[in-house]
Each structure stands twice: as structure tokens, then as C-alpha cells.
Amino acid sequence: MAIPLPQTTALPAKSSIHGLIPRLSSLRTFSHSRNRNRNRLSIPLATAIKKIPLSTQAAKSRSSKPRLRRDPRSVGEALHLFDKMLRDEETELNSRCVYWFNKLFLDICGLNNQHNRYFTVISLFRRMIQEGGVSPNEQTYRILIDSCYRINRLELAFAFFGRFTKDGHKADTALLKLLLRVLCVKKRFNEAMLVLDKMPTRGYSLDIFVYNEFMHHLCKMGAIQYAEDLFDKMIKEGPKPNTVSCNTLLNGLCKKRALKKAESLFRGMKNLGIPLDVFTYNTLVDGFCKQMEMEKAEKLVNEMMAQKIEPDLLTYSMLANGFGKQGEIEKAEKLVNEMIRKGLEPDVIAYSTLVNAFCKQGKMEKAENLVSEMISRGVKPNAVTYNTLINRFCKKGEIEKAVKLVGEMISYGREPNVMTFSMVLDRFCKQGEMEKAEKLVGEMVNLGIKPNRVMYNTLVNGFCKKGEIEKAESLVKEMDLFGLEPDVVTYSSLLFGLCKIGEMEKVELLVREMVLKGIKLNLVTYDTLVHGFCKQGEIEIAVKVVNEMVSQGIEPNYEMYGRIFEGLCKQGKIDESVELLRSVVSRGNDPNVFMCSLIMISFNKKGKWERAEELFYNAVCEGIQPNGSMYITLISALCKKGEMQEAEKFVIEMSSKGLLDDLRTYNSLVYALRRGLEMCSESLKRTQ
């Protein structure tokens, strides 16, 4: 009678997930060697059995396990063997035994080069029952559930476990561990805890290893509260937590930066009589170091030595790393020397930490000497060590030393990576050495390192700043050869270059291209466009760009508004600038002193002194602190109106605020007063 099964025929043809968990030891019942039992019988099986003496046939059948004639080397070959097994053609004895099917399923799971191996096992399971009439056993279900886990078909795993229990099978420890792991991966923590609670009532005896592995998976998935609940349950109901249990929870708490709870657990271990080991101390030391609580970390190491637990290489490395990051280089050096004195050879991480600390403090000579010491002690600097030095030299502008280090990396068998080249390339481009930058990329490609989009963007930006737009455009086309798509940064650099040379028609075409490709303009892109159009005197288009920005939910900055106000005021479009100012205020932005100053100057030039004066007072009411330019414009307007006493008050106010200390401002005031007096005198003459 065929057993009803979960539907497996509609499984999607997708790749399996490799390496999520190690193969369960309980599944390794059989050897997967391809070399055993290659010799096939040259005579029929029945004849061969008849030739065995009768006295030994029974013993032979009891002591010898039947074997497949060969192990499958591919999924296709496995399917062929499966068909033969269903026809009793492939084994020395009866192949319609679940033993053989389990063996074949394990062989298929072991085909590491076959991406669909787990799907194949699940699909063959159905045929084994329906066509072969073979009943699955506990091991069959372990293989199935493990296969479901590996291809992330967790619901199917639960369905198989349901069938497993319905068929009257009792799960062993290995299967229970697997089930708890599956539930954790699915983040069904409540159900996992419920399963654990019910197991003892159903006759299962769960040892400390089950609890410890369950806690490991809870912590790995970030379910620290559940891990804490499990720990409390172990203390109250058993099994009593051991060092592994505590270390697992301690590590989870430290990763979640719950250091207070971690400290409490650490102290609680002593009260519970649970032995502390070097891993226990290292876990908490690492937590303190990552939070830069170096005093606590150092104190803990001293306590560790007082307990006769000797710090290991990792302990010293973590402390050195923490002190190095904190800038306490002397302490970090002392720790490295202590490591050497105790016969613990510092590794590349410990040295690299010190190198980084020296670099941050600008002590490049010490950093270089330390790298030389590393090499003399047989510790080869890695890419991180070299990149730290190269980055600092690039930032200091010492590009020759950086390039020399790249060559040194290669000579020591430490191939530079993309980050290495990116740092040097960026420095070349900032210095305008574009030929060297381009040559560097060529050398990188020759080493088999593929340039990324950031590097191309750096090159494009460099050429655009130099005005070599054609070269920049050719680089954008070249990106396609490496499967790289230009992004908003790439286009922003091109737009900057085109705006710089006044190619505004090309700018508009490029913007359309961006829109067609679905690339959204950002603040930098819009700022480039506004600057370009204002520079060309096309203020109306610049205003349209700002309006487009606002409609896209991007708020223009004051520099952008300032450029537009300046452009409008230069063109004498005061009404338009006032209208723009109102729109800025209406969107919840405060007008700045620069905007108000520009408009006041424009009012003054147009002879609209009252409006300039009104704007000044409004700005003050809005909380804007007037600058020297605003005061001078107001004083000039008052003088032109003949209100000399009022003008004198503002001159005194300027002086009290220290705005006349600047010679340029003082001269501007003198000019404004003289010009105002002249205009006032002319007005008096006309009235006489």
C-alpha cells in the first residue's frame, strides 16, 4: 500500500544552498568510495550462490552486506541505477530493501558537482514508495529532512517530519537537532521551544549536546531572548549548563552588544560552579574591546591571569587592537612585546593593528619600520597591512611611496586588490595626473583584477575636471566591456564637464538619456545643472530645474538658491527673485542672509529704497542676523532718502557689532555714505 506523501513534483528548478550545515554524522552510515567492489560477477548470481558450500551460505548471508555494483558519478547515472533497483537488477541480493535506497540517496547527496542533487533525492523518494513499495525508515527521513533544509524548502521538511511521526517512528537525537535547526532558520522560535518542551513527555531523553546546539542556532539567528530563556530553563529543569552552554550565550550577548547581561552571566558562572576557560574570557574581552571599554578589558585579562588561565594569542591581539584603535600606541606596543617575551609570536592581525595605529597618528616611519620587523620575523604582511600604509601615503599626497608599496606587495606575493588600486587611482586623479591613472588601470587589468564602477567613476570625474570630455565619454563606453553600467555618479561627472565648457545642449540630451535609463537625478546632479545654466545666464531654465527638484522630493540647498538669486539680481529681475524667496519660505525654509542681501542690493540699484528697507526689517523679524552688506545697503537707501539721523543709528549699530573692523566693509560704508550725501545734496538743490 502506497503511503501518502507531501507533493514534491512541483519543486522549482533552483540551485541548492551549499554549506549551510555540515553533513550529519548520523547520515554517514556508508562509505562513498568509488573504488570498492568494482569487480562484477561473470556468472549469474544464482549459480554463484549454488557453488558456495551449504554450510557457509547462511553465515555468508548474515555476515556480508549486499553492495551496489558501482556508486553513481552523476545524477543521471543515479537515476539509471534507481530504475534497475526497482527491477531487482543491480544488487547481489534483494535490492527492494530500504537499505539500498538510503545508500543511493546518500550517494546522490555526496555528488558535490551536481546542483540538483537534493531535489533528485526528494523526487526519487516518492517513486521508491509508489513504484517500489519500499517503506522508509528513520534514516530515510533524516536524509529527506536534511535535503529539504539544504535547498531551503523548510515547509516540506516539516511535512516529512509529520509523516515520520504519523508512521510511528521515533526520532533520534540527530533528527531532533536537525528539526530544531530548521525551526531556528525559519525563525519559528516559539515552535522550537515548544518542541523542546514536549520531547521529554514523549519519552525522549535530551542530553546537554542537544541544548547546546539549539542555543548555538538561537544565538546565530539573533534570537538572544529565546537563548536566555533556554538557559534559564536549563538551570531550573536541567540539564545543568556547562562551559560550552555559557560560552555560547556569552558570545551571543556580546555580539548583540548587551555587555551588562554578558558581565552578569560571566559572574553567574562562578556562582553556579561552571568552569571558566580561555574562550570565556576572550569572548568578554572582545566585547569590551569592540565597545572601546579598554579599562574593563585590561582588568579582565589581569583577573584571568590571577585565575591561572594564561592569555593566548587571541587575547593579546584583541587588547592590542583595542588600544591601537583608541590611539594608545604605547600600550599596544607593550602588549606585542609581551607576546614575544611569552613565546607567542604576534600574527599579521596584531602587527596590522599597530601599523594602522601608527598611520592614524601620522607616524609613518614607525609604521614602515614595523612592517620591516614583521617580514624579518617571518610574518608576511597581508593586503590589509599594505592597504593601510598605501591609504595614508595617498592621503598625505606621497603618491610615489604608495606606488612603491604596490610593487613591494607584488614582489612578496601579496597581490594588490581593487581597494589598493582604487586608493592610488583616486590620488592620481586628484592631482590631475590622468595619464598615470589610466596606465595604473591597465596594469591592474593585466594582473587579472577587474576594475569596478567606482574606479571608472573616479577616472571619468578626473578627465571631466580637466575638460577632456571626449576621453571621459569613451571611458563610459568602455565600462560596458566589463559589464558595468554607468550610474548617477558617472552621469553627474559628465554633466559637470559639459557644463564647464558650456555645452548645454549636450547637457539636456544627457539628462534625457538618464531619465530613459531610469537613473534618478540626485542633489549633486541638480546642483551641477543649476550651476551650469546660471553660469550661462539661462536663469529661467535653472529655476525650472529647481522646481523639478522640489517635485521629486529633493530640497535645494542654499548654495543653489544663492546662484539663482544672484543670476536674477544681475539681470535686474527683482520681482522674480522676491517671488522665489516667497516660495522658499512657503516650503518651510528660512531665507538666509545672502539671499536677502542680494535682493536688497537690487532694490537699492533700482531706486526702490523703501522696499530694500522693508526687506531688512522683515529679515530681522525672521531671526536673520544682518551682515555688513545688508547694513550698508540699508544705510545707503536711508541716505538717498535724506534720513541721515536714521542712517547714523545703523552706522553706530554696525560698529557695536564689530562689522566695521573689516577694511573692505568700512570702505564700502564710506562710499555709501558719500554717495548718499551727494544724492541728498542734489535733491536739495533741485527743490531750491
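All of the points below concern the structure found in this document. On a predicted model such as this, the values are computed, not experimentally measured, just so you know. (Residues numbered from 1 in each chain as written. Predicted model: local features only at pLDDT ≥ 70, side-chain atom pairs only at ≥ 80, totals over all residues. Heavy atoms only, no water.)

## Quick word on the overall build of the protein chain
- Each helix and strand in the protein chain was counted, giving 36 helices and zero strands.
- The buried share among the 688 residues of the protein chain stands at 45%.
- Looking at the protein chain alone, contacts between residues at least 24 apart form 62% of all its contacts between residues at least 6 apart.
- Total accessible area on the protein chain stands at roughly 35,800 Å², and carbon and sulfur atoms take up 51% of it. (Helix = DSSP H or I, 4+ residues; strand = E, 2+ residues; numbered from the N terminus. Buried < 20%, exposed > 50% of the residue type's maximum accessible area, 1.4 Å probe, protein only. Contact = heavy atoms within 4.5 Å. Areas by Shrake-Rupley, 256 points an atom, 1.4 Å probe, with all protein chains shown as cover.)

## As for the packing of helix α14 (residues 278-290) against helix α16 (residues 313-325)
- Contact geometry of α14 with α16 gives a least axis separation of 10 Å together with a crossing angle of 10 degrees. Taken as axis vectors, α14 and α16 run roughly parallel relative to one another. Contact residues: α14 offers V278, N282, V285, D286 and C289, while α16 offers L314, T315, M318 and L319.
- Split into classes, the residues belonging to the contact of α14 with α16 amount to six nonpolar, two polar and one charged. (Axes fitted to C-alpha atoms, helices over the stretch in contact; angles between N-to-C directions. Parallel < 35°, antiparallel > 145°, perpendicular 65-115°, else oblique. Nonpolar A, V, L, I, M, F, W, Y, C, P; charged D, E, K, R; others polar.)

## Quick word on helix α19 (residues 364-376)
- Taking 1.5 Å per residue, 13 residues should reach 18 Å; α19 reaches 19 Å between its end C-alpha atoms and fits that length.
- Buried-residue contacts for α19 involve α18 (348-360) and α20 (383-395).
- Looking one or two places after α19, you find G378, whose phi comes out positive at around 85 degrees. (Expected span 1.5 Å × (residues − 1).)

## Digging into unusual backbone geometry
- With an omega dihedral of -5 degrees, the bond running from G238 to P239 counts as a cis peptide bond.
- Within the secondary structure, P239 is located in the loop between α11 (224-237) and α12 (243-255).
- Even without being a glycine, N152 presents a positive backbone phi close to 65 degrees.
- Considering the arrangement of structural elements, one finds N152 in the loop between α6 (138-150) and α7 (154-166).
- With relative accessibility at 38%, the residue N152 sits in the partly exposed group.

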